[in-house]
Amino acid sequence: MTARATAAELGADVRAGRRRAADVVEQHLRAIEAREADVHAFNLVLAESARAEAAAIDARVAAGEDPGPLAGVPVVLKDNICTRGVPTTCSSRILEGWRPPYDATVVTRLRAAGAVILGKTNCDEFAMGSSTENSAFGPTRNPLDLTKVPGGSSGGSAAAVVAGFAAVGLGSDTGGSIRQPASLCGVVGVKPTYGRVSRYGLVAYASSLDQIGPLTSTVADAALVLDVIGGYDPADSTSIPDPPVELSAVLGEGVDGLRVGVVQELTTDANPDVVARVVAAAAALEAAGAKVEEASVPAASYALSAYYLIAPAEASSNLARYDGVRYGLRVDGADVDAMFAATRTAGFGAEVKRRIMLGTYALSAGYYDAYYGKAQRVRTLLIRDFEAAYDRFDVLLSPTSPTTAFPLGAKMDDPLAMYLMDVATIPANLAGIPAMSVPYGAGDDGLPVGVQVLAPALGEAAMFRTAAVLEASLR
Amino acid sequence: MTVDGWETVIGLEVHCELATATKLFCGCRNTFGSEPNTNVCPVCLGLPGSLPVLNRQAVELAMRIGTALNCEVRRSIFARKNYFYPDMPKDYQVSQYDLPLNVGGHLDLPDGSRVGIERAHVEEDTGKTTHCHGVQARSRGGTGRIAGASYALVDYNRAGVPLVEIVSAPEIRSPEQAKAYVTELRGILLAIGASDARMEEGSMRVDANVSVRRSGTDQLGTRAEIKNLNSVRSLVRAIAYEARRQADLIEAGGTVVQETRHWDEDAGRTSSLRSKEEAEDYRYFPEPDLVPLDPDDFWKKAVRAAIPPLPVERREALAAAAGVEPGEVALVVETGLDPLVKAALHAGIDPRLALTRATNEVAGRDVDPASVDATAFAATLRLEQDGRLTATQSKQVLARVVTGGDPAAVAAELGFEALATDTLAAAVDEAITANPAEWERYSAGEDKLTGFFVGKVMAATRGKADGKAVTALLRERRGS
C-alpha cells in the first residue's frame with residue numbers, strides 16, 4: 001500500500017497552486033480503476049462531474065481565489081447522503097433510480113470548502129448492518145484482505161479511504177456504522193455529538209441516533225472535515241445552535257493532566273488481541289501525561305438491547321414512506337394496499353424487513369411500554385451513567401469493535417452475532433455523545449484494531465486531542 | 001335531546017386549518033385552490049432525507065385557539081401517527097398525542113350552556129386523493145377495493161398544511177347544541193384570525209362521537225364516530241339520525257358497536273366504515289426530528305394580550321348596551337354586526353329597531369361586516385324613527401345604502417319623500433269627512449276601524465303616508 005496523501009496536504013497544495021485538483025482527481029480515479037472491481041466500494045463513481053469540479057477549482061485558484069480548506073480534495077459520500085440530481089439509493093432496490101432534487105447540508109458545505117465529490121459509496125441497506133453485506137448491489141470487500149468484510153454500514157466509505165480511492169469518506173453512524181468499519185479498515189472514523197452535524201439530506205434510519213461523520217486517514221483530516229461540515233443548520237431542528245470549537249486548532253494540545261477512563265463494560269467481552277491494543281493505548285496516553293483509570297458505565301451492558309428496540313422502532317416509521325406511490329420502485333397490486341405490500345416485499349432486503357417488523361412490534365398497542373418505553377428508560381439511565389463517569393473522567397476509552405475484520409458470510413446467518421459487533425459503539429449513539437475510532441496497531445491476524453475514544457456531549461476537543469496523541473504514539 | 005326516554009351524548013372533534021402564510025414544517029405557501037402539486041417541496045413531499053422545521057406562526061395561532069378556549073397552554077411534544085395512506089407523503093402524520101399544546105378549556109354557548117374542551121393540538125394535514133373511475137379506498141367511504149378503477153391522482157398541496165384539532169368533552173346533548181357549539185367555535189376562530197373555518201371548503205372539518213343512554217343514567221354508552229359532515233346541516237341531521245338508530249337498535253335488543261360511520265347526506269343515513277377491531281394501531285411515538293415545544297410565559301402573555309374580544313364578550317357588551325338578553329343579540333354578533341348596532345345605538349336609534357334591521361336587512365345580505373357603512377345605517381334608521389320613512393321604505397333604502405350612500409338622497413330617488421305633516425293631516429281630515437259613519441263608530445271606540453282609515457289615507461297619498469303617523473293623527477282627532 002502506497003502512503004496516501006492526506007486531505008490536509010492535498011487541500012493545502014491545491015489551494016497554494018502547488019498541485020492541480022485535476023491531477024488529484026485523475027490520480028484517485030486511477031486507483032479506483034485499478035482496484036474497484038475487487039473492492040466494490042462504490043455504488044456510483046462520478047468521474048465526469050468530479051473532473052469538471054476539479055477543473056473549476058483549478059480555475060478559481062488560477063484566478064487568485066481561495067476555494068477553501070478542502071480545495072480539490074476528493075471526497076466520497078455514503079449512498080444515503082442526498083446529492084442533487086445524482087442517484088441516492090441507500091443500497092436498496094426500493095430507491096433505485098431516485099435522484100434527490102437537493103443536496104444534503106453536508107454536501108453543500110463540502111462543496112463550499114472546495115471538495116470534489118468523487119462518488120457514492122456502498123453500504124448496508126438503509127445503513128442497517130455491520131459488514132456492508134446487506135447491500136442490494138453486493139458486498140464491499142476489505143481492501144486490506146479481500147476475503148474479509150470492511151465492516152459496516154459505512155463499509156464503502158471506509159474501504160475507499162484505505163484503498164486510496166479518496167482522501168475523505170463521509171459515513172453515517174447510528175450504532176457504530178462509521179467507527180466499526182473505520183476500525184476494521186484501519187482508518188479514523190468519527191461519530192460527532194448528536195446535533196453537531198446537520199442530518200438534513202441524510203436518509204433517515206433511526207432519527208434520534210443518526211449522525212454524519214468523516215472517515216479519514218488521519219486524525220487531523222477528520223478534524224478538518226468536521227470543522228467544515230459541522231455547526232448549526234436551521235434546516236435540522238435537532239441541530240445544536242452553539243458554534244462548535246474549531247478542532248483543527250486544538251489538535252496539538254496534548255493530554256497532559258487529562259483524566260482517561262477505560263470502560264470495563266465495553267472492554268471485557270472483546271477478543272484478547274483487541275483488548276491488548278486498548279491496554280497499549282492507555283499506556284501511551286499515560287506516558288503522554290494522562291491519568292488513566294478503570295471506569296464503569298453500568299447501563300452500557302443494556303445498551304445493545306435498548307438499541308435494537310429504539311432503532312428499529314424509528315426505522316419502521318422512517319421507512320414507511322417507501323410505498324411505491326411517489327418515487328423509487330413500484331410493484332403493482334390488485335389494490336393500493338396490495339401495491340404497498342408488493343413494492344415493499346420486492347424492494348427491501350431481509351435485514352431491513354427484520355428491523356421494520358421488530359420496530360413495528362415494539363411500538364404496537366399493548367407492547368409499547370414493555371419495549372419502546374422501557375428501552376427509552378434504559379437510554380435515560382445510560383445518559384446518567386455517562387454523566388457520572390464524566391464527573392471523574394474527561395474522556396473514556398474502549399475497543400471500537402470486539403474483533404478485527406471477519407470473513408465475508410461469517411455472520412450472515414446469525415443476526416445476533418452481527419449485532420454484537422456494535423456492542424461497544426452503540427452506547428455513544430444512545431447517549432448522544434461523540435466517539436471516534438483511531439487505528440491502533442493490529443490484532444493477531446495482522447488486521448487493524450481500532451481504539452474508541454469517547455467524550456461528553458460537545459467534548460470533541462478533548463476527544464481529538466486524545467486521538468492525536470494516540471496516532472502520534474505509533475509513529 | 002331526550003327522545004322516548006333516551007339521552008344523546010355527543011363529543012365533537014373539529015379540525016381547522018390554520019390561516020398561516022406557509023405550511024407547518026416548510027416554507028411552501030398555505031393556500032387553497034392552486035394547481036395540483038405546485039405548493040410542494042422535499043419536506044412536505046416527505047422526500048428521503050428531508051426534515052421538518054416548525055412554523056412559529058402556526059404555533060402562535062394554535063396558542064391563540066387554546067387561549068380563546070380557556071385552555072392551559074403548556075409544554076408539548078410532537079408524535080408520529082403511523083398508518084399507510086397514499087395521500088400522506090411520509091406514511092405517518094406528525095401530530096401531538098399524550099402531550100398536546102392546549103388542554104382543559106371550555107366553550108360558553110349563547111344559551112348559557114358550557115361545553116368542556118379536552119384538548120386542542122397541532123398536526124399536519126394530508127394531501128388529497130382523487131379516485132378516478134369510481135375508485136373508493138378504505139377509510140374514505142369505500143370498500144378498499146379498486147374495482148374497475150384505472151388510477152388515482154394525488155395532490156400534495158394540502159400536505160403539511162397546519163391544523164389544530166379541537167376535541168370537546170362528551171358534554172353536548174342535542175344536535176342543536178352541537179350546531180351552537182360549531183357556530184360559536186367558528187365565530188371564535190374567525191375573531192382571533194386563526195382560521196377561515198369554512199366547512200364547505202374543508203378548512204373546518206367536524207367529526208361527531210355519538211352515543212345514547214337511558215335518561216337519568218350516568219354511564220356513557222358505546223359511541224360511534226361519524227365522519228363526512230360537510231356542513232352544519234349535515235352535522236345536525238347526522239347526529240339526530242345516529243341517536244335514533246342507536247336507540248332503536250338497543251330497544252330491538254341489539255348492541256351498539258364502537259365503529260366509525262360515514263354520513264351519506266343524500267340518503268340521510270350513516271353506514272359503517274370500520275369497526276374497532278379493524279381500526280389501525282397508529283403506533284404513536286415521539287417525533288425524533290422535532291424538539292419539544294415549550295412556549296415561555298412571555299410568549300403566552302403576548303398571545304393572550306393579542307386576543308380580540310370574543311363573541312361571548314361581545315354578546316354581553318351589546319346586550320347590556322341594548323338592554324336585552326345576550327341570546328337576543330347572538331345572530332348580530334355571530335355575523336359580526338355588533339359594531340354596526342353599537343354605532344346606531346350611539347346615534348340614538350331605538351335598540352329594538354337597530355337589532356331588527358341589522359338582523360333582517362344586513363345579516364341576510366352576505367356582505368362583509370367590515371364593508372357595511374355604519375353612518376348610512378344609522379341615518380336610515382333615524383329617518384324611519386322620525387317617521388320620514390315607513391318601515392317598508394326604510395328596508396328598501398337600507399338595501400341600497402348598506403355598503404355606503406346617502407339615505408336621504410336614495411329615499412328621494414325612490415320617491416320616498418315623507419309627506420309633510422300638514423299634507424298628511426289634510427289627507428286624514430279628508431278621509432274622516434268622506435266617511436262619516438265609520439268615523440262615528442271609530443270615535444265610539446271601535447279601534448278595528450283604524451285599518452280602514454289608514455287604508456284610505458294610504459290610497460289618497462299613494463302609499464307615502466306612515467301608518468303609525470296616520471294612527472296617531474286619528475287618535476288625536478278622536479281625542480283619545
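Just so it is clear, the structure is predicted and the values come from calculations on it, not from any experiment. (Residues numbered from 1 in each chain as written. Chains lettered and ligands numbered in written order. Predicted model: local features only at pLDDT ≥ 70, side-chain atom pairs only at ≥ 80, totals over all residues.)

1. Some details on the overall build of chain B
Then, in step 1: For chain B, the helix and strand inventory stands at 15 helices and 15 strands.
Then, in step 2: A compact globule built from 480 residues should have a C-alpha radius of gyration of about 23 Å, whereas chain B, at 29 Å, is more than 25% larger.
Then, in step 3: Projected onto the principal axes, the alpha-carbon positions of chain B cover approximately 95 × 55 × 50 Å.
Then, in step 4: Summarising the internal contacts of chain B: among those between residues at least 6 apart in sequence, 69% fall at separations of at least 24. (Helix = DSSP H or I, 4+ residues; strand = E, 2+ residues; numbered from the N terminus. Rg over C-alpha atoms; globule rule 2.2 N^0.38 Å. Contact = placed C-beta atoms within 7 Å.)

2. Describing the packing of helix H11 (residues 303-318) of chain A against helix H14 (residues 369-392) of chain A
Axes are the key here: two packed helices are described by the angle between their axes and the distance separating the axes.
Residue and element names in this part refer to chain A.
Then, in step 1: The N-to-C vectors of H11 and H14 enclose an angle of 125°; their axes lie 9 Å apart at closest approach. As the angle between them shows, H11 and H14 are arranged oblique. Where H11 crosses over H14, the two elements pack in a sense that is left-handed. Taking contact as the criterion, the partners of Ala303, Ala306, Leu309, Ile310 and Ala313 in H11 are, on H14, Tyr371, Tyr372, Ala375, Gln376, Val378, Arg379 and Leu382.
Then, in step 2: Of the residues contributing to the contact of H11 with H14, the split by class is 10 nonpolar, 1 polar and 1 charged. (Axes fitted to C-alpha atoms, helices over the stretch in contact; angles between N-to-C directions. Parallel < 35°, antiparallel > 145°, perpendicular 65-115°, else oblique. Left-handed = near helix turned anticlockwise from the far one by under 90°. Nonpolar A, V, L, I, M, F, W, Y, C, P; charged D, E, K, R; others polar.)

3. A short note on the nonpolar core
Then, in step 1: Grouped together as the largest cluster of nonpolar side chains are 168 residues, with contacts concentrated most on Val75, Val116, Val395, Leu397 and Val453 of chain A.
Then, in step 2: In contact with valine 75 of chain A, not counting residues within four places along its chain, are Leu110, Ala115, Val116, Ile117, Leu118, Ala166, Val168 and Leu170 of chain A.
Then, in step 3: Counting 67 residues, the second largest nonpolar core, distinct from the first, contains Phe25, Val73, Met204 and Ala247 of chain B. (Core = buried A, V, L, I, M, F, W, Y, C linked by C-beta atoms within 7 Å. Buried ≥ 20, exposed ≤ 12 C-beta atoms within 10 Å, placed from the backbone.)

4. With respect to the packing of H11 of chain A against helix H13 (residues 350-362) of chain A
All names here are of chain A.
Then, in step 1: Relative to each other, H11 and H13 sit at 100°, their axes nearing to 7 Å. For the element pair H11 / H13, the angle class is roughly perpendicular. Between H11 and H13, the residues in contact are Tyr308, Leu309, Pro312, Ala313, Glu314, Ala315 and Ser316 and Arg355, Ile356, Leu358, Gly359, Thr360 and Ala362, respectively.
Then, in step 2: Considering only residue class, the contact of H11 with H13 consists of 8 nonpolar, 3 polar and 2 charged.

5. Digging into the interface of chain A and chain B
A common way to state how big an interface is: give the accessible area lost once the parts meet.
Then, in step 1: Listed by partner, the interface residues are 35 residues for chain A and 30 residues for chain B.
Then, in step 2: For the side of chain A that touches chain B, the elements supplying multiple residues, two or more each, are H11 and helix H12 (336-347) of chain A.
Then, in step 3: Partitioning the side of chain A that touches chain B into residue classes produces 19 nonpolar, 8 polar and 8 charged.

6. Side note on the sheet that holds strand S11 (residues 448-454) of chain A
Residue and element names in this part refer to chain A.
Then, in step 1: Reading across the sheet, the 11 strands line up as S1-S3-S2-S4-S6-S5-S10-S11-S9-S7-S8 and stay open at both edges, with mixed pairing between neighbours. Of all strands in the sheet, those with a lone pairing partner are strand S1 (42-45) and strand S8 (291-295), marking the two edges. The sheet shows a mean angle of 30° between the axes of neighbouring strands, taken without regard to direction.
Then, in step 2: Packed on one face of the sheet, helix H5 (residues 155-162) meets S1, strand S2 (74-78), strand S3 (116-121), strand S4 (168-173), strand S5 (188-191) and strand S6 (211-216) and runs near 155° to S4. (Pairing = 2+ DSSP bridges.)

7. Some details on unusual backbone geometry
Then, in step 1: With an omega dihedral of 15°, the bond running from glycine 152 of chain A to serine 153 of chain A counts as a cis peptide bond.
Then, in step 2: Its identity as a non-glycine residue notwithstanding, threonine 132 of chain A has a phi of 60°, on the positive side.
Then, in step 3: Its location among the elements puts threonine 132 of chain A in the loop between S3 and H5.
Then, in step 4: The exposure class assigned to threonine 132 of chain A is buried, which follows from the 34 C-beta atoms found within 10 Å.
Then, in step 5: Phi at asparagine 228 of chain B is positive, roughly 70°, even though this residue is not glycine.

8. Some words on the confidence of the model for chain B
Residue and element names in this part refer to chain B.
Then, in step 1: Overall, the predicted model of chain B reaches an average pLDDT of 90, with 94% of residues at or above 70.
Then, in step 2: Scored below 50 in pLDDT, residues 137-146 makes 19 contacts in the model with residues more than four places away or belonging to other chains.
Then, in step 3: Here the complex is predicted with pTM 0.89, and the ipTM for its interfaces comes to 0.96. (pLDDT = per-residue confidence, 0-100.)

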